[in-house]
Amino acid sequence: MNGSDKKLSRDEVKYLREKEKRANKSKRDAERERIKKETAAQKNAERELRERERKAAERESARLRIEREKAREAERKRRTELADLRRKRRIAFYDKIKKKLVNKPDGFDYKSGGFMPKLKIVCAGDGATVLSALAAAGIRVYDFDGKAGETAFKIRKKDLRKAVAILGDLCYNYRIDDRYGIGKLCAFWLARIGLLLGAAASVVCLNLSYGYVWRISISGNDKLTDEAIERALYAAGVCAGRRKSDLRMADVAAALNSLDGVSDAAAEIVGTTLCVYVLESKDFFVAQKYSSYVSAFDATVTRIVARSGYSKVVRGATVKKGDVLVDGEVYSTTGELLYVAECDAEVYGDVSVTFSAEVSDAAVEYRRTGRSKTCTVFELFGIEIGTCKSPYVSYESVAHTARYDTFLPLYITQTDFFETKPFDTERDIDEAAKEFAAEKIEEMRFVGDFRSSYTVKRSVSGLYSVHVFLSGEALISRGVTGV
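None of these values were measured; they are calculated from a predicted model.

What counts as what
- Residues numbered from 1 in each chain as written.
- Predicted model: local features only at pLDDT ≥ 70, side-chain atom pairs only at ≥ 80, totals over all residues.
- Heavy atoms only, no water.
- Buried < 20%, exposed > 50% of the residue type's maximum accessible area, 1.4 Å probe, protein only.
- Helix = DSSP H or I, 4+ residues; strand = E, 2+ residues; numbered from the N terminus.
- Arc of directions from axis to C-beta.
- Salt bridge = Lys/Arg side-chain N within 4 Å of Asp/Glu carboxyl O.
- Patch = residues over 30% accessible without salt bridge, like charges linked within 9 Å, V, L, I, M, F, W, Y side chains within 5 Å.
- Areas by Shrake-Rupley, 256 points an atom, 1.4 Å probe, with all protein chains shown as cover.
- Core = buried A, V, L, I, M, F, W, Y, C linked by side-chain atoms within 4.5 Å.
- Pairing = 2+ DSSP bridges.
- Axes fitted to C-alpha atoms, helices over the stretch in contact; angles between N-to-C directions.
- Phe/Tyr/Trp six-rings, centres within 6.5 Å; stacked < 30°, edge-to-face > 60°.
- Lys NZ or Arg CZ within 6 Å of the ring centre and 35° of its normal.

### With respect to helix α6 (residues 226-235)
An α-helical turn contains 3.6 residues, so any two residues separated by three or four positions project in the same direction. When we look at burial in α6, the residues that qualify are A228, I229, A232 and L233. Buried residues of α6 fall within an arc of 135° about the axis and therefore sit on the same side. Residues of α6 that are exposed and point over 90 degrees away from its buried face: R231, Y234 and A235. One or two residues past the end of α6 sits G237, with phi positive at roughly 85°.

### A look at the pattern of salt bridges
Throughout the structure, instances matching the rule amount to 23 salt bridges. Between R72 and E69 there is a salt bridge, with its nearest N and O atoms 3.2 Å apart. One end of the pair, R72, and the other, E69, are both in helix α1 (residues 10-101), three residues apart, so they sit about a helical turn from each other. Overall, the relative accessible area of 42% leaves E69 in the partly exposed class. Shared partners join several salt bridges into a network, and the residues in it are K25, D29 and R32.

### Section: a nonpolar patch on the surface
On the surface, W189, I193, L196 and L197 cluster together into a nonpolar patch covering about 400 Å² of accessible area. At three residues, helix α5 (residues 193-210) tops the list of elements feeding residues into the nonpolar patch. Mapping I193 onto the fold places it in helix α5. Residue I193 is classed as partly exposed on the basis of its relative accessible area of 41%.

### Description of the nonpolar core
One finds F297, M444 and I476 to be the most contacted residues of the largest nonpolar core, which totals 29 residues. Looking at this core, the elements that each hand over two or more residues are β9 (299-308), β12 (324-327), β15 (344-360), α8 (429-444) and β21 (463-475). One finds V213, I229, V238 and V276 within the second-largest nonpolar core, a separate group that totals 15 residues.

### Considering the sheet that holds strand β22 (residues 477-480)
Pairing is antiparallel in the open sheet, where four strands are placed in the order β10-β12-β8-β22. In the strand order of this sheet, the two ends are held by β10 (310-311) and β22, each with one partner. Pairing of strand β8 (residues 292-295) with β12, which is carried by three bridges, proceeds in the antiparallel orientation. Residue pairing in the sheet places Y293 in a bridge with V326 of β12.

### Description of the sheet that holds strand β16 (residues 362-380)
Strand order in the open sheet formed by four strands is β17-β16-β19-β18, with antiparallel pairing between adjacent strands. Each of the sheet's edge strands pairs with one partner strand only, and the pair in question is β17 (383-385) and β18 (395-404). Each strand of the sheet is rotated relative to its neighbour by a mean of 30°, with strand direction disregarded. As judged from the 16 bridges shared by β16 and strand β19 (residues 410-426), these two strands associate in the antiparallel manner. From the neighbouring strand, R368 faces β19, where its bridge partner is T420.

### A word on the packing of aromatic side chains
The final tally for this structure, using the stated rule, is four aromatic pairs. Where F93 meets Y94, the ring centres are 6.2 Å apart and the plane angle is 50°; that geometry is what we call tilted. A relative accessible area of 44% places Y94 in the partly exposed class. Over the aromatic face of Y212 sits the side chain of R243, whose NZ or CZ is 5.1 Å from the ring centroid.

### Focus: the pairing of β21
In terms of burial, β21 is a largely internal element, ten of the 13 residues being buried. Here strand β20 (residues 446-458) pairs with β21 via ten bridges, running antiparallel. Opposite T455, over in β21, you have H467 as the bridge partner. Counting the residues in the hairpin turn of β20 and β21 gives four residues, including G462, whose phi is positive at 85°.

Below, the structure is given as structure tokens:
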């Protein structure tokens, strides 16, 4: 028997097996160590990548912050320069008006100098000689002023010929400077008769306007519409354009209290505005009438409230989505359809329903860029003067209305437009799922307790599947105009 044909002993087989196990264990340990090193290297690489991204985001945020500060500073500088320019223009305009009105005998500093007609004469010569010559002739002199080789004085109009003859005998040059008296005063006011009449007409119009109501302001109504309240007021004879003395606040409140859904009402007049305050009843609802009501879900009917119409189901019945619950069909004794009347009903049922939606983890956030513009609109007697339009494609707006309705129904609305720019951001998927669930719970109109749950699963890159389960008693009827 050859050596190769020898059978291995049991110890040798055991040794070889142990050796093979040790070799396999060494291979496994080496593979685990390699995987561990690769995982650690990958984690380090990811950590370095996140750190680089964080630093890049911080640098970008700092850059944007610096740009915003520069933009704000530039806008501040522009507004300051614009304000200074407007102030200079305003001062120049006022100076121009003052120059036009100053030192004019027919200006606002006009002095009549008495009612008797007088003339102002300016002559070149000795003032004492002129004064003594005029006094010797019996001419009374007013406002005598002699300086710098010229003499100015006033005399009565009837003494003009005497004074001219005396100045001619003295060989003095003279000129008649201006005229004064009741005629001049009348001319002064006749030249401004249009201004006086306009001011008087304005005062009369303001007083007449203050005696009327030009606007009706309604507040406190949530379910009742302004149109319904205005119709009730109009039926009671209360409308814009009525005299204040013709309106009694008790009658206005009584007209409002007669409306369905009004628990209490009050009214008062502020300036030229009739302010109406309404307190609605807590159990008030605005009933809408339809030709029929169908089920919005698969459900088991628990309650039926049919104020008008005919119920097609009973309590405990199982209905499918789209089944008719209540309708207003009226038949004859022979079974012929006569007409379809309006019906008003509410049907409740036990519902178990699941809603699904795809939600993205990406969101768009709009932020202000720092640029803004202000527009002003005037409203008088319901007529708007001016336009209010945003110069930006994407913007936010804030409006403020000032009321100047003491005498006239004047309202000034100032709207500030702020330019916005979209930025891509990341949102919390769990919060998005909760918002979706809250939206569906509100749509279901549950009554009392209900059960809810939701699950979120990742579907594709950036998208998640949200499943919302809801169960409980809810309003299942939905009104339609035809079946």
